[in-house]
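These are the residues of each chain, in order.
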Amino acid sequence: MRKLARGVVAVVLACTCATGAWAGRLDKAFAALGQFDYFKARELFLKETRKHPAAAWYGLSVITGRADNPFFQLDSSHAAIKRSMAAYSAADARERAQVAKLGVDSAALHAQFNQVGALAWKQVIATDRLEDYQRFIEAYAGSDLVGQAKDRRDELAFQQARQVNSSAAYRKFLENYPDAKEGYSARTRLQEAIFREAAPDGSIAQLEAFIREHPDNLYIREAQDMVLKLSTPHGTPEEYAAFIRRYPDNPNVPEAWRSMYDSYTRDLSVDNITRFLKEHPDYPYINELMNDYQVASLVLYPFRQGGHWGFIDNTGTERIKAEFDFAEPFIHGQAQVGRDGLSGSVNKLGKPVIPISYDDVQDYHEGMATVELKGRQGAVDRNGHLAVLLDFEEVGEFDHGLAAATKQERSGYIDEHGAVEIPFAYDGAMRFHNGLAVVVQADKSGVVDAKGEWVVPCQYDWVEGFMEMPFSRVRRAGRMGIINRFGDVLLDAKHDHVGPFRDGLALVIDKGKSGYVARNGQWAVPQRFEANALTIGMGDFHNGLARVLSGGKWGMLDTVGNWVIQPQYADIGVLESGLIPVKRKNKWGYIKRSFANVVDAKYDQAWELHEGYGRVEVGGLYGLVDSTGAEVIKPRYTALGDMVGGILVASAEQGTGAVDRTGKVLVPLLYDTVTPVDKAVVKVTKGNRFGYVRLADGKFLWKEEGFGEPSAN
């Protein structure tokens, strides 16, 4: 026997019991309905719609709501039950009592309403169209399914807005669906779209107009940063001065002042500081300048005497007494020092800046340095003032005024005064980069913005972070992918390896095959190349070329996937200064991007060029070639470092020293180690003693007592 809905069964049973007391068309209609005689039932119900509308329309709703008869039509069924419910609400007590004998009451009506709604819902989710969800919401306002319908309607509407990706589309979405859970994401994307549309070319004029017209936009700081970058393309003092005059309210003005000052005082001298102050008397950091002025001519190096540390100048004269347990080199006018197990910093006059009272002192970032005492951390400013009290278990590096911090094993973000900006609601929190930070909850990583709003829920095992906007690599279940600044998945996390974007393309490796995707997540170069253990480390693009493996040989592609260097080499390096190291069989040489041979394959090893020079090795001896391929230093050293500031650290059987690009010995090859300190001095060691040697004449500026003598051990 065919099934009836629970409410209909109740009505039919009631009708059967009531036929003796109240015989009539309505009884016969329900009896016919119970026997599935839909034609007779419908005819009788239609005749009773005026006399007994609540029961009659209920019966008609049941008939048109069942798919086993030719009258099935859900819209009609819905309309009928709505009329029935309205009639029942208007009926007097006598009418309600009469139809109740047939099982037609409030519970039966609501059961039928929900039954029709459930059937309509199945049709709606089958078509999965925004307009169908909207009609369902309007038609079934009292249904328990309306909440799901609204969520899916909003989701589809948001998808449409994202496809258009314009400020108008996001505004329309927010106007039409103000309570949508996608509202925050839509508002964020609206801000980005306004920025993008206001400055499509990224010109200074467009950025200025955007800043002026949209002062509250989330991307205002990004626009201000771009204005600084565009205004100072060469980093000259004149460019920084013009920027400061033109944009006095730009938050990057302090950075511009300091950059301009640094450009004047790269060679810190009284004359340079005086000239700067004469040309820029309105410099706002006059106290810092005066400190520099006092020690402008001082170049100080840490030295050790009697087991204690101090500082000497570039003549070897002691300037700060050796009374510390350790001393680090000076950075921006301060040097970290330690005494009695505690750390702090001093200026070039030897006066404490950060009191020597902390267990640990970190480097400065944005003018703030993390300090620690007895397991509690805070932060000091450049004057050594404790700006963030020692109230935290951890305080990270500041970025645009925010730092990650941990308190009572929960993490959040604080400002430069220690005030909580983002609540301590996470298991872990990383440093902000470009206005976004990675946070951790329950061993899963996500992303929040500078207001603490979710950009990406905690759903990944690892999120790299947005160091290079606007993309981040992610990992889930050991597989990698890419998301954008809004958390959109550009590349599903299903790949063996995904590299960072370089020259607009990212390396993707799967099952021993490699290819490249563009910034839209689409394949720019299909996975048609081989991949081995080396591909992960050396397959990213560099200077417009990528090293790829095909047929067991290495070659190079350009960014559109064309061969620049055909795959014919046993190994290949990267393009620098116009040359590429390549390996034929067992020997290395150099070629140009044009494939022209520059240096024959005659070396056992050849490296990429640094500062226009590349190291080569043959028979265990190292030499140097220039960007024309000429051998400027014949292989004769047992070790040779890369060129740094025109200096190479070189080793021979007798020891280690330093040479210039022609092979001229600057520091005799007599020491255990040689480390460049600045353009004038290198640090040398012998045993457990050290000294400083001048590059100008290869003589000692200073050496520790006992330097070069046999160790007591």
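Basis of the calculations
Along each chain, residue indices are assigned from 1 in the same order as the chain's sequence is written. In keeping with the model being predicted, local features are shown solely for residues with a pLDDT of at least 70 and side-chain atom pairs are shown and tallied solely at 80 or more, while totals for entire chains, interfaces and linings include all residues. Here the side-chain values reflect all heavy atoms present in the structure, with hydrogen atoms and water set aside. Only protein chains enter the accessibility calculation, which uses a 1.4 Å probe; a residue is then buried when its area is under 20% of its type maximum, exposed when over 50%, and partly exposed in between. In this text, helices come from DSSP runs of H or I with a minimum length of four residues, and strands from runs of E with a minimum of two, each type numbered from the N-terminal end. A pair of strands is treated as paired once DSSP finds two or more bridges between them. Two residues form a contact once any of their heavy atoms are found within 4.5 Å. In this context, the arc is that of the directions from the helix axis out to the C-beta atoms. Every axis corresponds to a line fitted to the C-alpha atoms, with the helix fit spanning only the stretch in contact, and the corresponding angles, defined between N-to-C directions, vary from 0 to 180 degrees. In these notes the angle categories are as follows: under 35 degrees is roughly parallel, over 145 is roughly antiparallel, 65 to 115 is roughly perpendicular, and the rest is oblique. If you view the pair so one helix is near and one far, a crossing is left-handed when the near helix is turned anticlockwise from the far one by less than a right angle, and right-handed when it is turned clockwise. Residue polarity is assigned by list, with Asp, Glu, Lys and Arg as charged and Ala, Val, Leu, Ile, Met, Phe, Trp, Tyr, Cys and Pro as nonpolar; anything else, Gly included, falls into the polar class. As used here, the term nonpolar core means buried Ala, Val, Leu, Ile, Met, Phe, Trp, Tyr and Cys residues forming a set that is joined through side-chain atoms within 4.5 Å. Side-chain rings of Phe, Tyr and Trp, where Trp is taken by its six-membered ring, are said to pair if the distance between their centres is within 6.5 Å; with planes under 30 degrees apart they count as stacked, over 60 as edge-to-face, and otherwise as tilted. Ring-over charges, as used throughout, are those where CZ of Arg or NZ of Lys falls within 6 Å of the ring centre and within 35 degrees of the ring normal.

J.: Just give me the short version of the pairing of strand β40 (residues 655-659), but keep the residues and values in it.
T.: The buried fraction of β40 amounts to 5 of the 5 residues, a majority that puts the element mostly inside the structure. Burial of the side chains of β40 extends over both faces: G655, G657 and V659 are buried on one face and T656 and A658 on the other. Bridging between strand β39 (residues 648-652) and β40 involves 5 bridges; their strand directions are antiparallel. Along β40, the bridge assignment pairs S651 with T656. Counting the residues between successive antiparallel strands, the hairpin from β39 to β40 contains 2 residues. As paired elements, β40 and strand β41 (residues 665-671) share 3 bridges and run antiparallel to each other.

J.: Could you give an account of the environment of I244, with specific residues and numbers?
T.: In this fold, I244 is placed in helix α14 (residues 237-246). On the accessibility criterion, I244 (11% relative accessible area) is buried. In this structure, the C-alpha to C-alpha distance between I244 and E255, residues 11 residues apart in sequence, is 9.9 Å. Leaving out residues up to four positions away in the same chain, I244 has contacts with V253, A256, W257 and M260.

J.: Let's hear about unusual backbone geometry: which residues, and what values?
T.: Only a minority of non-glycine residues have a phi that is not negative, and only a minority of peptide bonds are not trans. Within the chain, H400 stands out as a residue other than glycine whose phi angle is a positive 50°. With respect to the helices and strands, the residue H400 is situated in the loop between β11 (394-395) and β12 (403-407). Positive phi values are uncommon outside glycine, yet E611 reaches one of about 55°. By the element assignment, E611 lies in the loop between β34 (605-606) and β35 (613-618). Taking the relative accessible area as the measure of exposure, E611 reaches 47% and is therefore partly exposed.

J.: Break down helix α16 (residues 270-279) for me, citing the residues and quoting the values.
T.: Among the residues of α16, those classed as buried are N272, I273 and F276. The buried residues of α16 occupy one face: seen down the axis, they fall within an arc of 95°. Projecting away from the buried face of α16 at angles above 90 degrees are the exposed residues D271 and K278. Where α16 is buried, its residues touch α15 (253-264) and α17 (286-294).

J.: Give a detailed account of the sheet that holds strand β42 (residues 673-676), specifying residues and quantitative values.
T.: The antiparallel open sheet is built from 4 strands, whose spatial order is β42-β43-β44-β45. For this open sheet the edge positions go to β42 and β45 (700-703), each flanked by a neighbour on one side alone. Between one strand and the next, the sheet's axes are offset by a mean angle of 20°, whatever the strand orientation. Of the pairings in the sheet, the one linking strand β44 (residues 689-694) to β45 comprises 3 bridges and is antiparallel in character. Considered in β45, the bridge of Y692 is made with W702.

J.: Which residues make up the packing of helix α7 (residues 106-127) against helix α8 (residues 130-139), and what values go with them?
T.: It is the contact of α7 with α8, at a shortest axis distance of 8 Å, that shows an interaxial angle of 165°. It follows that α7 is roughly antiparallel to α8 by the angle criterion. Like other packed secondary-structure pairs, α7 and α8 cross with a definite hand, here left-handed. The segment α7 lies against α8, with G117, A120, W121, V124, I125 and T127 engaging D132, Y133 and F136. Of the residues in the contact of α7 with α8, the class split is 6 nonpolar, 2 polar and 1 charged.

J.: Any chance you could break down the nonpolar core for me, citing the residues and the numbers?
T.: Formed by 84 residues in total, the largest nonpolar core has its most connected members in F30, F45, F136 and F173. Per-element tally for this core: the top contributor is helix α4 (residues 53-64), with 8 residues. By size, the runner-up hydrophobic cluster in this structure holds 22 residues, among which are V295, A327, V346 and V681.

J.: Go over the packing of aromatic side chains, please, and point to the residues and values.
T.: Summed over all chains, the structure comprises 37 aromatic pairs. Here the aromatic rings of F243 and Y247 are separated by 5.4 Å at their centres, their planes lie at 45°, and the arrangement is tilted. For the pair shown, F243 and Y247 are each scored as buried. When the ring of Y692 is compared with that of W702, the centres are 6.1 Å apart and the planes differ by 40°; the resulting orientation is tilted. Linking Y692 in strand β44 with W702 in strand β45, this pair joins segments that are 10 residues apart in sequence. Overall, the relative accessible area of 4% leaves Y692 in the buried class. On the accessibility criterion, W702 (13% relative accessible area) is buried. Aromatic ring contacts, followed pair by pair, group W257, Y261, Y264, F276, Y283 and Y285 into a single cluster. We note R615 situated over the ring of W607; from NZ or CZ to the ring centre the distance is 4.3 Å. Here the basic side chain of K683 rests over the ring of F690, its NZ or CZ set 4.7 Å away from the ring centre.

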